[in-house]
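Topology and contacts: notes
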Amino acid sequence: MTDIIILLIVAVIIGFALKGSIKHFKGEGACCGGGGKGLIQGRGKKVLEHDKMGEIILHIEGMHCDNCRRSVIRALNQIEGVSAEVNLKKKQAVVSYDRPVDERRLEQAVEHVGYTVSSVEKR
């Protein structure tokens, strides 16, 4: 009887662990100190001061959750003349700009918050 109780407890623990892991790898769970509501929710998208000149797409490795996405958005949006949107599932940031912007500076901003830019496309 004691063995059955112990097996049930272990099964429940494994079930919760699997559920959390699945959510994590889908990008839905808490990760990297995040989870829940974020720092930039409710603020909306950063609005450019002038007409958009173009877009740069950064392909980013290492993002797993909404907190990762918010960190990248925050880092890119701190750059003058840049407004970023990040798609976690596509692992990319679409950066709109209203003045000339150095692609290397965008890469450095992403790398500074702990992620890797694997490629850059200019539209």
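To start, this report covers the structure provided alongside it.

Reading the values: rules and limits
Residues numbered from 1 in each chain as written. Predicted model: local features only at pLDDT ≥ 70, side-chain atom pairs only at ≥ 80, totals over all residues. Heavy atoms only, no water. Helix = DSSP H or I, 4+ residues; strand = E, 2+ residues; numbered from the N terminus. Contact = heavy atoms within 4.5 Å. Buried < 20%, exposed > 50% of the residue type's maximum accessible area, 1.4 Å probe, protein only. Patch = residues over 30% accessible without salt bridge, like charges linked within 9 Å, V, L, I, M, F, W, Y side chains within 5 Å. Areas by Shrake-Rupley, 256 points an atom, 1.4 Å probe, with all protein chains shown as cover. Salt bridge = Lys/Arg side-chain N within 4 Å of Asp/Glu carboxyl O. Expected span 1.5 Å × (residues − 1). Axes fitted to C-alpha atoms, helices over the stretch in contact; angles between N-to-C directions. Parallel < 35°, antiparallel > 145°, perpendicular 65-115°, else oblique. Left-handed = near helix turned anticlockwise from the far one by under 90°. Nonpolar A, V, L, I, M, F, W, Y, C, P; charged D, E, K, R; others polar. Pairing = 2+ DSSP bridges.

Counting through the fold element by element, Ser-71 comes out in helix H2 (residues 66–77). Not counting residues up to four positions away in its chain, the partners in contact with Ser-71 are Val-113 and Tyr-115.

Of note, Val-82 is situated in strand E2 (residues 82–87). A relative accessible area of 0% places Val-82 in the buried class. Sequence separation between Val-82 and Arg-99 is 17 residues; the distance between their C-alpha atoms is 8.2 Å. Setting aside residues no more than four positions away along its own chain, Val-82 makes contact with Lys-46, Leu-48, Leu-76, Asn-77, Val-95, Ser-96, Val-101 and Leu-106.

A separate point is a nonpolar patch on the surface. Side chains of Ile-6, Val-10, Ile-14, Leu-18 and Ile-22 sit close together on the surface and give an oily, nonpolar patch of about 450 Å² of accessible area. As for its position among the elements, Ile-22 is in helix H1 (residues 2–26).

With that settled, consider the environment of Pro-100. Along the chain, the position of Pro-100 falls in the loop between strand E3 (92–97) and helix H3 (103–112). Accessibility expressed as a relative area gives 71% for Pro-100, which makes it exposed. Residues Pro-100 and Val-82, 18 residues apart in the sequence, show an inter-C-alpha distance of 9.6 Å.

Here the focus is H2. Residues lying three or four places apart along an α-helix face the same way, a consequence of the helix completing one turn every 3.6 residues. Taking 1.5 Å as the rise per residue, H2 with 12 residues should run 16 Å; its terminal C-alpha atoms sit 16 Å apart, in good agreement. Counted residue by residue, H2 has nine buried out of 12 residues, so it is predominantly covered. Residues of H2 that are buried in the fold lie against strand E1 (54–61), E2, E3 and H3.

With that settled, consider the packing of H2 against H3. How two helices pack is summed up by the angle between their axes together with the distance between the axes. With their axes 9 Å apart at the nearest point, H2 and H3 run at an angle of 140° to one another. With respect to each other, H2 and H3 are oriented oblique. For the pair H2 and H3, the sense of crossing is right-handed. Where H2 approaches H3, its residues Val-72, Ala-75 and Leu-76 are matched on the opposing element by Leu-106, Ala-109 and Val-110. Of the residues in the contact of H2 with H3, the class split is six nonpolar, no polar and no charged.

The strand order across the open sheet formed by four strands is E2-E3-E1-E4, and the pairing between neighbours is antiparallel. Each edge of the sheet is formed by a strand with only one pairing partner; in this case those strands are E2 and strand E4 (116–122). In this sheet, neighbouring strand axes are inclined to one another by 20° on average, regardless of whether the strands run parallel or antiparallel. Across six bridges, E1 lies against E3 in antiparallel orientation. Its bridge partner lying in E3, Gly-54 is registered against Tyr-97.

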